[in-house]
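Residues per chain, in single letters:
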Amino acid sequence: MRRIYEDAAYRTPQSYWWRDTAPPALQPQLDGDHRTEVAIIGGGFTGLNAALVLEKAGVDTTVIDAEQPGWGASGRNGGFCCLGGSKLGSALLAHRFGNDQRVEWHKAERAAVDHVDALLSDNQIDVDRHSDGETLLAHTPKAMREIRKSSDATAATYGVTPDIIPAEELRQRGLGGKFHGGITLPIGFALNPAKYHAGLARTAGAAGVRLFGQTPAQSITRTGSTWRVTTPTGTITADKVVLATNGYSSEDVPEWLRARYLPVQSSIIVTRPITEDEQMRQGWTSLQMCYDSRILLHYFRLMPDGRFLFGMRGGLRATTSAEAALSQKIRTDFHALFPEWRDVEITHEWSGLVCLMRRLTPFAGPVPDQPGLFAAMGYHGNGVAMGSYLGARLAETMLERPSSGAFPAFLSAPPARFPLGSLRRLLLAPAYTAATLFDR
Ligand SMILES: Cc1cc2nc3c(=O)[nH]c(=O)nc-3n(C[C@H](O)[C@H](O)[C@H](O)COP(=O)(O)OP(=O)(O)OC[C@H]3O[C@@H](n4cnc5c(N)ncnc54)[C@H](O)[C@@H]3O)c2cc1C
């Protein structure tokens, strides 16, 4: 597998909180030659959701993961099950794809949250759920003015009544940090992603999906009317193959993927449980999941056990010095926003890869000119809900069934290649610099 970051970006993080709460069930390595109707490469939310729909429709489905299912972003994200998935705002969506498609996209965002909600309740998956919707906090007075100005449009877009929180009310709502007001949309909730993934893997396994770990696809080739997936310890012959590798994709498995995705690092710290006294001192007692209004945003939430999770974009490189600088930066930002918690011990810290697409919208559809090859990826850092949802929608496409939820047509348009080939992450440097200036 040829990948575009340094090796360290593809190593298992040393400490990540979720693994302590829900150790993954280890799946066996594929051994020998197997036959299946659909082979899914990548065992995260996308792959497992696709697998579940396929298997329930009576299609024999096999999922392989290079590490273990859930090892990628799905097992180590912030657990915000929320709106999002594209980096295009409403105006640009309408401009590029037309107003009907924009409306369909926003329906899909809502449907994605409902999809996960239903999966959890239908399969009795306990995920330490909390937070009523999601709160956006203004990092400047100007940002708060913008939030107020756009609140009617936001309400119309999602068909909900947002709750605008003036600056002076933040503390009494338990949201006392360095913010200038905020807005809550009553859509979404927070979950423990490892518990969601483990529950999903159990459900898929019980439905008949075969799951394999430590099984990297080394090549995916078409031979006659079938596909052949080669791994170090065996092969899979399949009628159809799904690429569900998102930010952990490689340039050569298969070659079609080359430069069509851009992995970006995102980083998280988690503190020890913060005592009630410490919470009161900061004025932050709410279990609401929040993010701030910066372009390079921070996302954070107090979890039910009192630990605080704080995340932000990661570094451009995965070298020891870049990681040390990032580790310093995330602490600096955390302490600037929550100064009373400067001395609270940070017990866990890790990074992972999210995935951008050149058009800034996800892709879920057939790979052109390669009959039987499909892919779903590119959720722009918001794939807990959207990755789950598009995995399921992709499976319906493969079954040639009408979509059972909103599924705008532009999502199936083949993704364009980024410029600069394997050096394309260099594109992020000027974007980060501009965003940093804008965010001041
Ligand atoms: C730090 C961090 C925080 C985030 N926070 C949030 C959040 O709060 N809310 C939100 O909505 N989203 C969040 N995201 C994004 C979200 O986690 C992802 O969009 C989502 O998990 C993607 O799921 P996936 O199944 O498509 O990919 P992944 O979960 O990344 O899975 C891809 C899998 O493919 C496997 N793979 C790759 N190549 C091969 C191969 N050749 N053969 C076999 N297997 C292969 C990998 O081992 C990996 O397990 C976050 C991501 C990160 C990294």
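Anything mentioned here points back to the structure above.
Caption draft 1: Focus on the site of the ligand. The environment of the ligand is formed by 45 residues, the closest being Gly44, Gly72, Gly78, Gly352 and Gly383. At the level of secondary structure, the elements contributing two or more residues to the shell around the ligand comprise helix H2 (45-56), strand S12 (262-271), strand S16 (346-356) and helix H9 (383-398). Ranked by residues supplied to the shell around the ligand, first place goes to H9 with four residues. Of the residues contributing to the shell around the ligand, the split by class is 21 nonpolar, 21 polar and three charged.

Caption draft 2: Inspection of the packing of H2 against helix H6 (residues 193-207) at higher detail. At a minimum axis separation of 9 Å, H2 and H6 run at an interaxial angle of 25 degrees. Between H2 and H6, the interaxial angle falls into the category roughly parallel. The chirality of how H2 crosses H6 is left-handed. Across from Phe45, Leu48, Ala51, Leu52, Glu55 and Lys56 in H2, the residues of H6 making contact are His197, Leu200, Ala201, Thr203, Ala204 and Ala207. When its residues are assigned to classes, the contact of H2 with H6 shows eight nonpolar, two polar and two charged.

Caption draft 3: A look at the pairing of strand S11 (residues 234-243). Strand direction decides the pairing type here: strand S1 (residues 32-41) and S11, joined by nine bridges, are parallel. Along S11, the bridge assignment pairs Asp33 with Thr235. Here strand S10 (residues 226-231) pairs with S11 via five bridges, running antiparallel. Counted as the bridge partner of Val229 is Ile236 from S11. Hairpin geometry of S10 and S11 is characterised by an intervening segment of two residues between the two adjacent antiparallel strands. Where S11 lies against strand S18 (residues 373-377), three bridges are found, and the strand directions are parallel. Bridging across to S18, Leu243 finds its partner in Ala375.

Conventions we followed
- Within any chain, residue numbers begin from 1 and follow the written order of that chain's sequence.
- Thresholds applied to this predicted model are a pLDDT of at least 70 for local features of residues and 80 or more for the giving and counting of side-chain atom pairs; totals over whole chains, interfaces and linings are not thresholded and use all residues.
- Nearness here has a simple definition: the residue's C-beta atom, placed using the backbone, must lie within 6 Å of the molecule or strand.
- Here a helix means four or more residues in a row that DSSP labels H or I, a strand means two or more in a row labelled E, and each is numbered from the N terminus.
- Only Asp, Glu, Lys and Arg are considered charged in this grouping, and only Ala, Val, Leu, Ile, Met, Phe, Trp, Tyr, Cys and Pro are considered nonpolar; every other residue, Gly among them, is considered polar.
- For helices, the fitted axis covers only the stretch in contact; all axes are lines through C-alpha atoms, and the angles between them, taken along N-to-C directions, range from 0 to 180 degrees.
- For classification, angles of less than 35 degrees are called roughly parallel, those exceeding 145 degrees roughly antiparallel, those between 65 and 115 degrees roughly perpendicular, and all remaining angles oblique.
- Here a crossing is called left-handed whenever its near helix is offset anticlockwise from the far helix by less than a right angle, and right-handed whenever the offset is clockwise.
- For every residue pair, C-beta atoms are placed from the backbone, and the pair is scored as a contact if these atoms sit within 7 Å.
- We call two strands paired when DSSP finds no fewer than two bridges between them.

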